[in-house]
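# Structural characterization, general
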Amino acid sequence: MSKAVETKQETNEGVRLHGGAVSNQGLPIAGGGRKPATYEVICGDAREAVLALPEVHGIVTSPPYFGKRTYGQSEAEVGQEAEVDPYVDALVEVLSSVPLHPRASIWVNIGDKRGDKGGLLDIPHRFTRAMCQAGYLLADHVIWAKAVVLQDGTTVGGLMPEPAPGRLNGNGFEEMFRFVRTRKVSDAWTDTCAVAIPRSNVEDMRYLPKELMSCHTSLEGRRPPNVWQVPMGQTRQNHFGVFPASLVERCIAMTCPAWVNADASLPERIVEMVPYVEGRGTDRYLGKRSLVAADDEGEMREMCGRNDTGQTYVPHKPVTLGWTDCDPTGQPGIVLDPFAGTGTTGEDALKLGRSFIGIDLYDEYCQIARRRCEETMRFLDVDLPP
Ligand SMILES: C[S@@+](CC[C@H](N)C(=O)[O-])C[C@H]1O[C@@H](n2cnc3c(N)ncnc32)[C@H](O)[C@@H]1O
């Protein structure tokens with residue numbers, strides 16, 4: 001099942017339709033005759049279903065964790081293996097069988113489990129090692145912080161209680177990993193401006209309005225760090241293990257191309273690093289130790305706004321000049337979730353103007369995911385074809 005969507009989005013230049021024109025700030029958008037974004041949810045074993053897919057341009061997924069939950073009765077269900085190694089092998093098999101664009105990224109949220117004696121099985125890192133042995137580079141390692149305790153004892157975020165004695169509450173974080181198959185990490189397609197965070201004294205320019213992307217991003221801002229505080233939140237979906245929508249947004253915006261040209265090349269944001277006034281009192285600084293009293297660390301910090309530099313520091317911000325060629329006969333990039341569950345990745349992909357393919361073993365979840373994609377398209381105010 002596949003349906004068309006046209007998404008309204010605001011750019012600096014006002015409201016545009018996905019596919020309407022090339023926006024010089026937000027998404028790269030091809031001209032008339034464009035193909036709209038689509039979705040498809042396939043019911044089946046991901047190991048087989050991925051073999052029949054078209055080329056996809058990004059994967060964002062949260063596979064079933066090892067030995068934690070049962071989603072149904074099928075023997076093909078991943079996570080029910082007796083040992084960790086076959087579980088890890090099944091994940092690597094699924095991910096490496098996907099026909100993936102050579103510059104695409106794979107994001108995986110994976111959790112750990114404790115063995116009989118209470119020790120952690122270290123599953124996330126056994127999985128990353130297996131992916132690297134299969135030829136991938138581990139490009140990013142994100143900590144999804146659910147609850148963080150500060151020095152003064154206050155906690156940011158909510159924490160599920162865990163009544164085990166003699167150790168810390170282990171529910172404070174989970175991990176997200178990004179893998180690429182390029183020769184170098186920097187060869188993979190990325191748009192870091194799309195996920196940049198506000199920078200002092202630089203006017204905010206959101207990548208997409210908050211109705212389409214709840215994470216606050218600022219195109220001329222700073223690259224975000226790799227610890228993301230995202231509350232679990234409430235879900236309306238009838239499913240265990242739904243991940244929060246805002247966890248997925250940055251992954252898609254940063255690494256899944258919004259547009260793919262007919263020759264499979266990917267439009268790139270053209271960015272110039274421009275000096276700007278940081279608003280810390282002195283415009284361009286000036287952090288040379290020789291310029292301030294060598295023993296006066298305080299004065300140097302105040303002047304240059306940094307306490308680690310011994311070099312001249314001039315603040316720069318990324319300014320978008322436009323996009324490389326954007327062919328109107330291309331198509332929106334396709335985001336895949338091979339363990340789609342209720343389709344959180346699908347909802348986010350469509351809101352961000354990408355197409356979506358989801359796979360789940362159980363029809364019950366496929367139906368929820370389809371319904372969710374359909375609702376998203378209605379939310380985007382589109383005319384659904386009959
Ligand atoms: C952790 S859940 C994904 C939840 C999803 N991220 C969401 O937000 O709803 C993992 C899903 O993988 C599915 N699954 C398990 N084994 C599978 C297999 N062999 N092929 C495809 N899907 C499978 C389960 O049915 C379950 O819905």
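Residues numbered from 1 in each chain as written. Predicted model: local features only at pLDDT ≥ 70, side-chain atom pairs only at ≥ 80, totals over all residues.

### Quick notes on the pairing of strand β5 (residues 105–110)
- The buried fraction of β5 amounts to 6 of the 6 residues, a majority that puts the element mostly inside the structure.
- On β5, burial covers both faces: Ser105, Trp107 and Asn109 on one face and Ile106, Val108 and Ile110 on the other are all buried.
- Across 3 bridges, the pairing between strand β4 (residues 58–61) and β5 is parallel. By the bridge assignment for β5, Ile59 is matched with Ile106.
- For the handedness criterion, the β-α-β arrangement of β4, helix α2 (residues 84–97) and β5 is classed as right-handed.
- Across 6 bridges, the pairing between β5 and strand β9 (residues 173–180) is antiparallel. The residue of β9 that forms the bridge with Ile106 is Phe179. (Buried ≥ 20, exposed ≤ 12 C-beta atoms within 10 Å, placed from the backbone. Helix = DSSP H or I, 4+ residues; strand = E, 2+ residues; numbered from the N terminus. Pairing = 2+ DSSP bridges. Right-handed = clockwise from strand over helix to strand, strands pointing away.)

### Here we look at unusual backbone geometry
- With phi around 60°, Asp122 is a residue other than glycine that occupies positive phi space.
- Within the secondary structure layout, Asp122 lies in the loop between β5 and α3 (123–133).
- Overall, Asp122 belongs to the partly exposed group, with 13 C-beta atoms counted inside 10 Å.
- The backbone phi angle of Ala264 is positive, close to 75°, even though this residue is not glycine.
- Relative to the assigned elements, Ala264 resides in the loop between β11 (259–260) and β12 (269–275).

### What about the packing of helix α6 (residues 344–351) against helix α7 (residues 363–379)?
- Running from N to C, α6 and α7 point in directions that differ by 20°, and their axes come no closer than 9 Å. For the element pair α6 / α7, the angle class is roughly parallel. When the axes of α6 and α7 are compared, the crossing they make is right-handed. For the pair formed by α6 and α7, the contact residues are Gly346, Glu347, Leu350 and Lys351 on the first element and Ala369, Arg372, Cys373, Thr376 and Met377 on the second. (Axes fitted to C-alpha atoms, helices over the stretch in contact; angles between N-to-C directions. Parallel < 35°, antiparallel > 145°, perpendicular 65-115°, else oblique. Left-handed = near helix turned anticlockwise from the far one by under 90°. Contact = placed C-beta atoms within 7 Å.)

### Some points on the nonpolar core
- Val56, Ile59, Leu91, Ile252, Ala253 and Val335 are the most contacted members of the largest nonpolar core, which totals 78 residues.
- Residue contacts for Val56: discarding those within four places in its chain leaves Val98, Pro99, Leu100, His101, Ala104, Ile334, Leu336 and Ile357. (Core = buried A, V, L, I, M, F, W, Y, C linked by C-beta atoms within 7 Å.)

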